Amino acid sequence: MLIDKTKCINCGQCIPYCPMACIHKTEGVVQIDFDECVECEACRNSHVCPKDALYMQELTGTRILRNQFSNPLVTHPKTGVPGRGTEEMKTNDVTGRFKRGRAGVCIELGRPGTGTRLRDVQTVAMAVAPYAKYGFEPHNPVTALMVDGTGRLRDDVLNEKTLSAIVEIEVDQSDIGAVLDAINNVQKDVNTVFSVDFAGRLEADESFPAKTVAQKAGYKLSPNGKTNVGLGKPRAKED
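Description of the structure in this document. Owing to the predicted nature of the structure, the values given are computational and were not obtained by experimental measurement. (Residues numbered from 1 in each chain as written. Predicted model: local features only at pLDDT ≥ 70, side-chain atom pairs only at ≥ 80, totals over all residues. Heavy atoms only, no water.)

1. Overview of the pairing of strand β8 (residues 165-172)
Step number 1: Within β8, eight of the eight residues are buried, which leaves the element mostly enclosed by the surrounding structure.
Step number 2: Bridge count for strand β5 (residues 102-109) against β8 is eight bridges, and the pairing is antiparallel. Across the sheet, the residue bridging to L109 is A165, located in β8. (Buried < 20%, exposed > 50% of the residue type's maximum accessible area, 1.4 Å probe, protein only. Helix = DSSP H or I, 4+ residues; strand = E, 2+ residues; numbered from the N terminus. Pairing = 2+ DSSP bridges.)

2. Focus: the side chain of T162
Step number 1: Of note, T162 is situated in strand β7 (residues 161-162).
Step number 2: A polar contact is formed between the side chain of T162 and the backbone oxygen of S164, at a distance of 3.1 Å.
Step number 3: Residues in contact with T162, not counting those within four places in the same chain, are V38, L65, R66, F69, S70, G115, T116 and L118. (Polar contact = N/O pair within 3.5 Å; in protein donor to acceptor, adjacent residues only side chain to side chain. Contact = heavy atoms within 4.5 Å.)

3. Regarding helix α6 (residues 176-186)
Step number 1: All buried positions along α6 are accounted for by I176, G177, V179, L180, A182, I183 and V186.
Step number 2: Against β5, α4 (118-128), β8, β9 (194-199) and α7 (209-216) lie the buried residues of α6.

4. Topic: the packing of α4 against α6
Any two packed helices are characterised by how steeply their axes cross, that is the angle between the axes, and by the distance between the axes.
Step number 1: Direction vectors running N to C along α4 and α6 enclose 145 degrees, while the axes themselves pass 9 Å from each other. Here the hand of the crossing between α4 and α6 comes out right-handed. Along its contact with α4, which presents T123, A127 and V128, the element α6 presents V179, A182, I183 and V186. (Axes fitted to C-alpha atoms, helices over the stretch in contact; angles between N-to-C directions. Left-handed = near helix turned anticlockwise from the far one by under 90°.)

5. A word on the packing of aromatic side chains
Step number 1: Applying the stated criterion across every chain yields a total of zero aromatic pairs.
Step number 2: Here R63 stacks its cationic end above the ring of F34, 3.6 Å away from the centre of that ring.
Step number 3: Stacked on the ring of Y134, the Lys or Arg R102 has its end atom at 3.7 Å from the ring centre. (Phe/Tyr/Trp six-rings, centres within 6.5 Å; stacked < 30°, edge-to-face > 60°. Lys NZ or Arg CZ within 6 Å of the ring centre and 35° of its normal.)

As structure tokens, this is what we get:
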């Protein structure tokens, strides 16, 4: 985002609307930290500027990724889904993509209100890649940036910053503890916040085996949960 200095009156009304806190007033002049801006357009789309001085410049090269990942109104070209564009494994109760004995692991970096460099996303992706026996989620914009199955991203995108990004893999439930250990081992190398989610099928007694494996590995899980109610039955077969 840029500010049209011929229109801006330096009122600062846009400052609270930036989720990255990269709009500042310095010596009475409102400025945008271009390196920290994730091109989410939240400041402009809030319509708080009385002079309509905020505008989106023409994005070129890898900077386009910032807008594709960060603006929920922009459809990602690789997935056809707005914003970060992930297929999101927590819809498993509708899609039924995970068979018994497997689980989806979702690591979301950057939310809330911190953002993430894709370099940090690569660090996490490479840490969990050895356990991704069934691959990284194909309908995910992060996966589209990978150069191989190791989780390594293209070198030219590593310094780009996004509002958030998600690494999604499918693993054997028995590997959940090892996956959490791998993530825990690299957290000191990641300069952002992240959360880890599991998705999978409940057993007949409504227990979730992945939770049991994680607890036995010494991890305390948050009681938060989410169920996406869909008007349809799971399409996946148990074979």
